Amino acid sequence: DGGITQSPKYLFRKEGQNVTLSCEQNLNHDAMYWYRQDPGQGLRLIYYSQIVNDFQKGDIAEGYSVSREKKESFPLTVTSAQKNPTAFYLCASSPPEGARHGSNQPQHFGDGTRLSIL
Amino acid sequence: AQKVTQAQTEISVVEKEDVTLDCVYETRDTTYYLFWYKQPPSGELVFLIRRNSFDEQNEISGRYSWNFQKSTSSFNFTITASQVVDSAVYFCALIRMDSNYQLIWGAGTKLIIKP
């Protein structure tokens, strides 16, 4: 079945360490997104990519980096510069043109990765 | 400014009660789309519904119904005869037509259904 796979499900980071969260999709979607969710809060956009080899900062990009070398993959690196990385991270993808041309669901989501500090 | 407000942080009801989750939005766009997603305790986001701004018909899907009113900029969600499995966080979202169709998210409403 087509979908979005995030791994690992749980991740622990030591102080000063960079960690990378994986996101893979086989939906043939052009756009991919990374969100951060803190307890009791909504989703905040970290980075998004509309096409391979291109990506833009979202609302809270500081301390994070991404790459988009393949259409299927959009890994997120949480760097040591991110001082408060403990959160739930969600990856999403969307078909071309979003909802404008009849796509019912604007974004499809993975199951998320919970990142904690050791 | 474009914004989605879900004023109810948490709602707790007893099973079989009806419950309404409020969503108020602000947008400059004349054409826009609104959505509801469900996030169960396991964390994944489950898509529930899309509503176009030019279609104000209410929608019903089983025990779920949605009331879209442009005059009050609201897109409320009602669960009839609630069940314990409905316990989740529910998010309302608005699509940004001017910015690559990014979603603007409400803060979510945590719904607790007690047996």
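Residues numbered from 1 in each chain as written. Chains lettered and ligands numbered in written order. Predicted model: local features only at pLDDT ≥ 70, side-chain atom pairs only at ≥ 80, totals over all residues. Heavy atoms only, no water.

Another point: the nonpolar core. Residues and elements named next belong to chain B. Within the largest apolar cluster, 24 residues are counted, with the highest numbers of intra-cluster contacts made by L21, W36, F75, F77, Y90 and L111. Breaking this core down by element, the ones donating at least two residues are strand 2 (10-14), strand 3 (19-21), strand 5 (33-39), strand 8 (64-69), strand 9 (74-79), strand 10 (88-95) and strand 12 (109-114). Broken down by element, this core gets its largest block of residues, four residues, from strand 10. If we ignore the near neighbours within four places in the chain, the residues touching Y90 are Q6, L21, W36, Y37, K38, L48, Y64, F77, I79, G108, T109 and L111. (Core = buried A, V, L, I, M, F, W, Y, C linked by side-chain atoms within 4.5 Å. Buried < 20%, exposed > 50% of the residue type's maximum accessible area, 1.4 Å probe, protein only. Helix = DSSP H or I, 4+ residues; strand = E, 2+ residues; numbered from the N terminus. Contact = heavy atoms within 4.5 Å.)

All right, on to a nonpolar patch on the surface then. Residues and elements named next belong to chain A. Taken together, Y10, F12 and L118 make up a surface patch of nonpolar side chains, about 380 Å² in accessible area. Checked against the element boundaries, L118 lands in the segment after strand 11 (113-117). Residue classification places L118 among the exposed positions, given a relative accessible area of 63%. (Patch = residues over 30% accessible without salt bridge, like charges linked within 9 Å, V, L, I, M, F, W, Y side chains within 5 Å. Areas by Shrake-Rupley, 256 points an atom, 1.4 Å probe, with all protein chains shown as cover. Salt bridge = Lys/Arg side-chain N within 4 Å of Asp/Glu carboxyl O.)

Approximately 540 Å³ is the volume attributed to the largest pocket. Along the wall of the largest pocket there are 26 residues; nearest its centre are Q37, P39 and G40 of chain A together with Q39 and V89 of chain B. Elements that contribute at least two residues to the lining of the largest pocket include exactly strand 9 (87-94) and strand 11 of chain A together with strand 10 and strand 12 of chain B. Of the residues in the lining of the largest pocket, the class split is 12 nonpolar, 11 polar and three charged. (1 Å grid on protein atoms, 1.4 Å probe; cavity = no way out; pocket = protein on both sides within 12 Å on 5 of 7 lines; lining within 4 Å. Points joined across faces, edges and corners; volume = space filled by probe spheres on them. Nonpolar A, V, L, I, M, F, W, Y, C, P; charged D, E, K, R; others polar.)

The quantities given are spatial measurements derived from coordinates; they are silent on function.
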